[in-house]
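One letter stands for each residue in the lines below.
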Amino acid sequence: MKKRLFIVSLLAIFTLGAFAQEKEKPSFKFYGFVRNYACYDTRESLTSNSEQFYYMPKDIKLDANGNDLNAQDNIMLLSITTRLGLNVSGLSFLGSKTSAKIEADFAGFGTSNTVLRIRQAYAKMDWEHSKVLVGQAWHPAMGDMMPDVFSLETGAPFTPFSRTPQVRYDYETKNVKLTATALYQFQYTSYGPDGASFNYARNAIVPEMYFQGIIKSGGFMMGLGVDVLTLKPRQSYTVTEKETIYTAIVDKNGQPVHDPITDEEMYVKSEKDVTKTYKCNDQLMVSVTPTLFASYKKGNWGVKGRITYAQNAAHMSMISGYAVTEKQENGNWKYSSINSIGGWVDATYKQPLKTGYLTFCCFAGYTKNLGCMNEIVGDIYMRGEKNMDYMWRVAPSILYTHNAMQIGIEYNPTTVGYGKPDNQYRMYNPHTVTNHRICAMLKYNF
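All of these numbers come straight from a predicted model, not from anything done at the bench. (Residues numbered from 1 in each chain as written. Predicted model: local features only at pLDDT ≥ 70, side-chain atom pairs only at ≥ 80, totals over all residues. Heavy atoms only, no water.)

Caption draft 1: Looking closely at the overall build of the protein. What the protein contains, in helices and strands, is three helices and 25 strands. At 29 Å, the protein has a C-alpha radius of gyration far larger than the 22 Å of a compact globule built from 446 residues. Here the C-alpha coordinates of the protein stretch approximately 105 × 90 × 40 Å along the principal axes. For the protein, the proportion of its 446 residues judged to be buried stands at 41%. Put simply, of all contacts in the protein between residues at least 6 apart along the chain, 66% involve residues at least 24 apart. Summed over all atoms, the accessible surface of the protein reaches about 23800 Å², with 60% contributed by carbon and sulfur. Here the protein contributes 47 positive and 40 negative side-chain charges, whose respective centroids are spaced 15 Å apart. (Helix = DSSP H or I, 4+ residues; strand = E, 2+ residues; numbered from the N terminus. Rg over C-alpha atoms; globule rule 2.2 N^0.38 Å. Buried < 20%, exposed > 50% of the residue type's maximum accessible area, 1.4 Å probe, protein only. Contact = heavy atoms within 4.5 Å. Areas by Shrake-Rupley, 256 points an atom, 1.4 Å probe, with all protein chains shown as cover. Lys, Arg positive; Asp, Glu negative; His and termini not counted. Charge placed at Lys NZ, Arg CZ, Asp CG, Glu CD.)

Caption draft 2: Representation of the state of the cysteines. Inspection of every chain in the model, using the stated rule, returns zero disulfides. Looking at the unpaired Cys362, the closest cysteine sulfur is the one in Cys361, lying at 7.0 Å. A relative accessible area of 38% means that Cys362 is categorised as partly exposed. In this structure Cys439 is not part of a disulfide, and its nearest cysteine sulfur, from Cys39, lies 3.1 Å away. (Disulfide = S-S within 2.5 Å.)

Caption draft 3: Up close: unusual backbone geometry. Residue Pro157 is bonded to the preceding Ala156 through a cis peptide linkage, with omega at 5 degrees. For Leu94, which is not glycine, the phi dihedral falls at a positive 50 degrees. Along the polypeptide, Leu94 turns up in the loop between strand 5 (83-93) and strand 6 (96-108). In this structure, Ile205 is a non-glycine residue whose phi angle is positive, near 70 degrees.

Caption draft 4: Spatial organisation of the environment of Val433. Counting through the fold element by element, Val433 comes out in strand 25 (residues 427-445). When the C-alpha atoms of Val433 and Lys269 are compared, they prove to be 59 Å apart, with 164 residues separating the residues in sequence. Discounting chain neighbours no more than four positions away, the residues touching Val433 are Arg43, Pro57, Lys58, Asp59, Ile60, Thr414, Thr415, Val416 and Tyr418.

Caption draft 5: Expanded view of the nonpolar core. In this structure, Met56, Phe161, Ile338, Ile380, Met388, Met391 and Tyr425 are the most contacted members of the largest nonpolar core, which totals 40 residues. Of all hydrophobic cores here, the second largest spans ten residues; its members include Tyr200, Tyr322, Trp333 and Tyr335. (Core = buried A, V, L, I, M, F, W, Y, C linked by side-chain atoms within 4.5 Å.)

Caption draft 6: Just the pattern of salt bridges, in detail. Summed over all chains, the structure comprises 15 salt bridges. Salt-bridge contacts for Arg168 lead to Asp144; the nearest nitrogen and oxygen are separated by 3.2 Å. Residue Arg168 is located in strand 9 (residues 163-172), and its partner Asp144 is located in the loop between helix 2 (140-143) and strand 9; the two are separated by 24 residues in the primary sequence. Residue classification places Asp144 among the partly exposed residues on the basis of a relative accessible area of 23%. Salt bridges linked by common partners bring Glu103, Asp105, Arg117 and Arg119 together as one network. (Salt bridge = Lys/Arg side-chain N within 4 Å of Asp/Glu carboxyl O.)

Caption draft 7: Representation of the confidence of the model for the protein within the structure. For the protein, the average pLDDT comes to 92, and 94% of its residues sit at 70 or higher. Note that residues 10-20 has pLDDT below 50 and, in this model, zero contacts with residues that lie over four places away or in other chains. (pLDDT = per-residue confidence, 0-100.)

Caption draft 8: Structural detail: the pairing of strand 5. Bridging between strand 1 (residues 27-41) and strand 5 involves seven bridges; their strand directions are antiparallel. Residue pairing for strand 5: Gly32 is matched across the bridge by Leu84. (Pairing = 2+ DSSP bridges.)

Caption draft 9: Representation of the environment of Ser27 within the structure. With respect to the secondary-structure elements, Ser27 resides in strand 1. The partly exposed category is assigned to Ser27, whose relative accessible area is 38%. Spatially, the C-alpha atoms of Ser27 and Lys350 are 33 Å apart, while their sequence positions differ by 323 residues.

Caption draft 10: Layout of the packing of aromatic side chains. One pass over the structure, following the stated rule, counts eleven aromatic pairs. Here Trp344 and Phe363 contribute two aromatic rings whose centre-to-centre distance is 6.0 Å and whose plane-to-plane angle is 25 degrees, an arrangement assigned as stacked. Of this pair, Trp344 sits in strand 20 (residues 333-352) while Phe363 sits in strand 21 (residues 357-372), and the two are 19 residues apart along the sequence. Per residue, the accessibility class of Trp344 equals that of Phe363, and both read buried. (Phe/Tyr/Trp six-rings, centres within 6.5 Å; stacked < 30°, edge-to-face > 60°.)

Caption draft 11: Summary view of the pairing of strand 9. Pairing analysis gives nine bridges linking strand 8 (residues 130-138) to strand 9, with the strands arranged antiparallel. Each bridged residue has a counterpart across the sheet, and for Gly135 the counterpart in strand 9 is Gln166. As paired strands, strand 9 and strand 10 (residues 176-183) are joined by seven bridges and run antiparallel to one another. The residue bridging Gln166 from the neighbouring strand is Leu183, located in strand 10.

Caption draft 12: Structural detail: the side chain of Gln311. As for its placement among the helices and strands, Gln311 is situated in strand 18 (residues 301-311). The contacts of Gln311, once residues within four sequence positions are left out, are Ser287, Val288, Thr289, Ser320, Ser337, Ile338 and Asn339.

Caption draft 13: Quick peek at the environment of Phe198. Within the secondary structure layout, Phe198 lies in the loop between strand 12 (195-197) and helix 3 (199-203). Expressed as a C-alpha distance, the spacing of Phe198 and Ala141, which sit 57 residues apart in the sequence, is 19 Å. Ignoring sequence-local partners within four residues, the contact set of Phe198 consists of Gln185, Phe186 and Thr189.

And the structure:
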C-alpha cells in the first residue's frame, strides 16, 4: 500500500511539473537595425571603430617644410554598426520574472573590421522592487542617462561610455532607484605598461565597484554615482645589472697559466650586462570617479546634463589615466591618478509632422585636464593625446523619423587646446586645433 502511494505521489509531482512547464513558455522578440554612417573630417583625429567613434583632433605635426601633416581631409561610409538583438522573457525563477538579452553588431576587431562582436549579453531577475542583472551590459555610470545625439560616441569623451561584464543589483520604487554593481573589464579597458588590457584590473582581484542613487519626480530626474577602480599595473620588472666574469688564462696548449710566485691559476677579470627579472609588489592604483547627472522633460522638450570628475577613467572612454610618481630602491613603484573634469548638456525638441517627426538636438561638451596631485617621475598611462589641456564641442543635429526609417545629419566641430606639460602633467601655453566633422546617418529599424 505504501509503495503504491509513493508511486502515485511521484506521478502526481511529475504531472504537475510537466503542466507547469507547458503553461510557462518563454517569448522571443528579435530587433535591430541596418545603420550606415558617412563622416567627413577636415583633420586627422583620434578615433576607433574604423573612425566612426570620435574622440579628438590630433595636434599639429610639421614636416621638413613646415606643413602640418595632420591637416588632411578624409571621408568614409560604413555599415559595421548594423545591430542584431534578441530579447527573451516569460519564465519565473525564485518568485521573480526573468529575462535575457543578446545583442551584437559587426564592429569587432579583425583583419576586415567586420567581425561580429557581443554588445550586450545578460540574464535578469525582476521582483517587485529588486532587480538582479548578471552579464555584459551598459556601464551603470552612463546607462541610466545618455545624450540624445545619434553619433556613435554618444557624448564621449565628455561622459562615461562603456559596456562591461557585471553583477548589478537595483532597488527601485516609484521615485527612487538605488544601484550597487561589481564590474569586470573586457572590451573597454584601462591602460598600463603593456598598453590597453583588462589584465591590470583582473590581477588586482578587487572588482570595480559602482554605487548610484536616482530620484524622480514628474518629468525631473537627478542622480549621483561613484565609481571605484583598483588596478595592479605590473607583475614583475626587468633590470640590467653588472656581473663580474673571471676567465682563466690558458697557454697555447689550453692549460691554465699559474702565477710564478703563488702558483695560483691566473684569471682575467671583466664585467658584462645581465638582464634579470624580479617579481614586484607595487602599490595598487585606486581611483574614485564621482558623477552627477539630471534631466527634465516636458511635452516635446527635453534637457539633460552630466558632470564627471574622472580619476583614471580611461576604461570608460574618458580622457584620464595615471602615472608613476615614485620609484623605490627595492624596484617597486607607486602611482597617482591623472585627473580631469568633463561635462555635457543637450537640449532636444520633437516636432510632429504629417508623416513622421523631426528631432532637433544641440549637444555641448567640455573637458579639462587637471593633472596629477604628485610629481611624475616615470611613465604616463592614459587615454587621449598626452599633451591635451582642454577640449570642447558643440554639435547640433537634426533627425527625421518616419515608420522604420531614420535619416539625419550632424555638425560636430571639436576644438582641443594642446600645450606643454610640467612635472605634474598640467599644461601651459596651449594652442588650439579644430576638426570639423559632418556626419550623416541612414537607419532602418526592425
